[in-house]
Amino acid sequence: MNEDSALAGPSLLAVADGMGGHPHGDVASAAAVTALTEPPAAGEPAAALAAAVARAAARLEELAAADPELRGMGTTLTAMAWDGAGFAVAHIGDSRAYLLRGGDLFQITRDHTMVQTLVDSGRLTPAQAADHPLGSTLLRALQPGGDQHPDLFRQDAAPGDRYLLCSDGLSGFVPAGAIRDALAGAARPEDAVTRLIALADAAGAPDNVTCVVADVADVAADPARREPQLLGAAGRGRRARRTRRTRRA
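Keep in mind that this is a model prediction, so the values were computed, not measured. (Residues numbered from 1 in each chain as written. Predicted model: local features only at pLDDT ≥ 70, side-chain atom pairs only at ≥ 80, totals over all residues. Heavy atoms only, no water.)

### What about the overall build of the protein chain?
Next, step 1: Within the protein chain, the secondary structure is distributed over seven helices and eleven strands.
Next, step 2: By the burial criterion, 47% of the 249 residues in the protein chain qualify as buried.
Next, step 3: The long-range share in the protein chain, meaning contacts at least 24 apart out of those at least 6 apart in sequence, stands at 68%.
Next, step 4: For the protein chain, the exposed surface amounts to about 11,700 Å²; the carbon and sulfur share of it is 53%. (Helix = DSSP H or I, 4+ residues; strand = E, 2+ residues; numbered from the N terminus. Buried < 20%, exposed > 50% of the residue type's maximum accessible area, 1.4 Å probe, protein only. Contact = heavy atoms within 4.5 Å. Areas by Shrake-Rupley, 256 points an atom, 1.4 Å probe, with all protein chains shown as cover.)

Given below as structure tokens:
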């Protein structure tokens, strides 16, 4: 079962990865992403995004309180909301957001994992962390009763930037250099997604693989306003493109 959910729209992007090994991760990821689509409160995108994440956390608490079978569910969430000149970013867990700018790839989120804490403290090198048995052990996630406080920050943007949001089905199995090459070598965001999914498949990724790729473009050059797409677990029952084990945005 696919436990990932994604949202791809003209001003809002998100990826949520239902926690593997926990019951009903698909319910958690779908609830988190769906909460982002509800009408935002008045104010700046950063405040609206923070409120949406808080709403998602409250939704999970409500669901778990109503159904004991859902008490162990949880999800990561990485979301970006356009504010006209950049993005408000909310991040919790180990899904990731990357920026490709000028041919260079930057990871703009920090994993909330035990291994990342060990790297930050100097007890592990990044190379050692890549194959560490605790690589998927989360310290923070949207989970009833857990630490549900996301990182909130702003990311400047410029025309020509390309952003990738992905679950760890990609980042955990495909090296950063290969991700950079796939993003840089694709003419269109959808071509980049196809390449990234193929790389994850070739690497033998056993997890769900979800990618959202978006380009920053001048409005005058791309005036079309597309409807947001809900994909993966959040898109069940909607007209969403699906494959056996991937969801492409």
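### A look at the side chain of S167
Next, step 1: Tracing the backbone shows S167 in the loop between β8 (162-166) and α5 (168-171).
Next, step 2: Residues within four places of S167 in sequence aside, it is in contact with D4, V15, D17, S95, N208, V209 and T210.

### Observations regarding the packing of helix α6 (residues 176-185) against helix α7 (residues 189-202)
Next, step 1: In the contact formed by α6 and α7, the axes pass within 8 Å of each other and the chain directions differ by 155°. The angle between α6 and α7 places the two elements in the roughly antiparallel class. Along this stretch, α6 crosses α7, giving a crossing that reads as right-handed. Together, A178, I179, A182, L183 and G185 of α6 and A192, R195, L196 and L199 of α7 make up the contact between the two elements. (Axes fitted to C-alpha atoms, helices over the stretch in contact; angles between N-to-C directions. Parallel < 35°, antiparallel > 145°, perpendicular 65-115°, else oblique. Left-handed = near helix turned anticlockwise from the far one by under 90°.)

### Overview of the packing of helix α1 (residues 25-36) against helix α2 (residues 45-66)
Next, step 1: Where α1 meets α2, the axes come as close as 8 Å, and the angle between the chain directions of the two elements is 145°. In terms of crossing hand, the pair formed by α1 and α2 is right-handed. Within the contact between the two elements, α1 uses V27, A28, A31, A32, A35 and L36 and α2 uses L49, A52, V53, R55, A56, R59, L60 and L63.
Next, step 2: Looking at side-chain class alone, the contact of α1 with α2 contains twelve nonpolar, no polar and two charged residues. (Nonpolar A, V, L, I, M, F, W, Y, C, P; charged D, E, K, R; others polar.)

### Considering the pattern of salt bridges
Next, step 1: Across all of its chains, the model carries twelve salt bridges by this definition.
Next, step 2: Between D161 and R101 there is a salt bridge whose closest N-O contact spans 2.7 Å. Taken as a pair, D161 in the loop between β7 (151-156) and β8 and R101 in strand β5 (residues 96-101) lie far apart in primary sequence, 60 residues in all.
Next, step 3: Of the residues examined, D161 reaches a relative accessible area of 2% and is grouped as buried.
Next, step 4: Across the salt bridge formed by D151 and R140, the nearest N and O atoms sit 3.2 Å from each other. Taken as a pair, D151 in strand β7 and R140 in the loop between α4 (126-130) and β7 lie far apart in primary sequence, eleven residues in all.
Next, step 5: Look at D151 and you get partly exposed, because its relative accessible area is 21%. (Salt bridge = Lys/Arg side-chain N within 4 Å of Asp/Glu carboxyl O.)

### Some remarks on the nonpolar core
As a rule of thumb, soluble globular proteins bury nonpolar side chains together.
Next, step 1: Within the largest apolar cluster, 29 residues are counted, with the highest numbers of intra-cluster contacts made by L7, L36, L49, L77 and L142.
Next, step 2: Counting residues per element, the ones that place at least two in this core are β2 (12-17), α1, α2, β3 (77-82) and β4 (86-92).
Next, step 3: Ranked by residue count, the leading element in this core is α1, at seven residues.
Next, step 4: In this structure, V174, A192, I197 and V209 belong to the second largest nonpolar core, which totals 19 residues. (Core = buried A, V, L, I, M, F, W, Y, C linked by side-chain atoms within 4.5 Å.)

### Thoughts on the pairing of β8
Next, step 1: Across the five residues of β8, five count as buried, placing the element largely inside the fold.
Next, step 2: The two faces of β8 match: R162, L164 and C166 on one face and Y163 and L165 on the other face are all buried.
Next, step 3: In this structure, β5 lies alongside β8, joined through five bridges in antiparallel fashion. Note that in β8 the partner of L99 across the bridge is Y163. (Pairing = 2+ DSSP bridges.)

This is a description of form; function is not addressed.
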